[in-house]
Amino acid sequence: MNVLVLGAGQLARMMALAVKPLNIQIRAYDVGSASVVDPLNTELQYGDLSAGIEFADTITAEFEHIAHDVLAKCEASGKLKPSSQAIKTGGDRRLEKQLLENASVANAKHKIIENKSDFDQALATLELPLILKSALAGYDGKGQWRLKDKAHADDIWLDIEAFFAGGEQGVKHAVVAEQMVPFNREVSLVGMRDVHGNTKVYPLTENHHTDGVLTVSVALETAVELQAQAQLMFDKIANALEYVGVLAIEFFQVGDQLLVNEIAPRVHNSGHWTQQGADTSQFENHIRAVCGLPLGNGDLVRPTAMINILGEDTVPNEILSIPSVTLHWYGKSKRAGRKMGHINVSAQTNKQLTERLAEVANILPSRAFADIQQYANALS
Ligand code: ATP
Ligand code: MG
Ligand code: MG
């Protein structure tokens, strides 16, 4: 079976690695160069999008910000899963909020802002502090403004107007203003829906961010009620989209309630731990789903956490001497803050995982990996 992945980054690469044993071939469409490449060696090129569509039995995506004409062309071939509508919903916060409202899924109070009058109305009807997010093209906390104090409203509006003016021409720009949620923590759920509508999920994962970028994820094995709540929301969203593949949902946890922050119509950074902590990783399950194969289960087989490697292209090899530590590089050139790879740490018990995370933290340069130790506290 042949699969074309739209996007040629680390997610396509990890899908390719995951399904080699299933004899599934992955090629990736690099949107930058508009060429089809081998995701394990992007120098190897296989022609344009049409050639990629021709090659593929199934087409899927590794990210949601894909030009609509590319999505349309893929969808016209009848091979695209999930649907272009599902992918677009993940890439446009207006559609995303609409989906959450239509599916009756709890989320932060918000208002969509396209002009000054919308902005004024948001200030009048929502409680400060607010977070304002670009409707399009936002990721890793980019395209966001925080408004804590009405005195700064004019400045922020000028900034947003400039942002609209500097954006792509001929596109209707907007920001979504959300009330800041006083969350206790952030968690996410990665799950999958097959072509028949069956769903399975992995356990909730606790996530920690530094400067808006995910740094550490810890799979949670004991959150029974929270897990049920998250799974119900997953089913509502995935069914509303008639989704096929892996879908991730980011939540704010407030007390024992979950509010959806956003969805990602793809495999997700907070699901990388599944490579070592589950029988079937999110990467394999995504490809299984879009290829019409049965889903592997999402149960946690052993306590596992993931640490992102940001902006560094080496780590001391010594970490590999710690039992059940695996290192995953993405083969990307070094750039400050860039996601370069990740480290998965597994153990037999939460206590042992806490100890191993502490060992890893001791070996890693603290400048780049501050606070890992503290995240291990999630387990104790
Ligand atoms: P990514 O796609 O990389 O996860 P993003 O750019 O889409 O990031 P969000 O996930 O919407 O951005 O927001 C980034 C972070 O900002 C969140 O993980 C959370 O810590 C904080 N944040 C976002 N919205 C809110 C909110 N309404 N209340 C409180 N904190 C928020
Ligand atoms: Mg996002
Ligand atoms: Mg997010």
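This text goes with the structure placed above it.
Below you will find a few notes about this structure. (Residues numbered from 1 in each chain as written. Chains lettered and ligands numbered in written order. Predicted model: local features only at pLDDT ≥ 70, side-chain atom pairs only at ≥ 80, totals over all residues.)

If you check the shell around ligand 1, you find 17 residues, and the closest are Ala108, Asp140, Glu178, Met180 and Val181. Every element with two or more residues in the shell around ligand 1 is listed here: strand 7 (130–134) and strand 15 (257–264). Grouping the amino acids of the shell around ligand 1 by side-chain chemistry returns 5 nonpolar, 5 polar and 7 charged. Taken together, domain 2 (109–179) and domain 3 (185–379) each give at least three residues to the shell around ligand 1, which thus spans both. (Near = placed C-beta within 6 Å. Helix = DSSP H or I, 4+ residues; strand = E, 2+ residues; numbered from the N terminus. Nonpolar A, V, L, I, M, F, W, Y, C, P; charged D, E, K, R; others polar. Domains from an automatic or database assignment.)

Spatially, 5 strands are ordered 4-3-2-1-5 in an open sheet, and the strand pairing comes out mixed. A single partner strand is all that each edge strand has here, and the edge strands are strand 4 (41–45) and strand 5 (58–61). For this sheet, the mean angle separating the axes of adjacent strands, direction not counted, is 40 degrees. Bridge analysis of strand 1 (residues 2–6) against strand 2 (residues 25–30) gives 5 bridges, and the strand direction is parallel. Bridge pairing links Val3 to Ile26 in strand 2. (Pairing = 2+ DSSP bridges. Axes fitted to C-alpha atoms, helices over the stretch in contact; angles between N-to-C directions.)

Strand order in this open sheet of 4 strands is 6-9-7-8, and the pairing throughout is antiparallel. Strands at the two margins of the open sheet, each flanked by one partner only, are strand 6 (110–113) and strand 8 (144–147). Neighbour-to-neighbour, the strand axes of this sheet turn through a mean angle of 20 degrees, independent of strand direction. By the bridge criterion, 4 bridges tie strand 7 to strand 8 in an arrangement that is antiparallel. Pairing of Ile131 across the sheet is with Arg146, part of strand 8.

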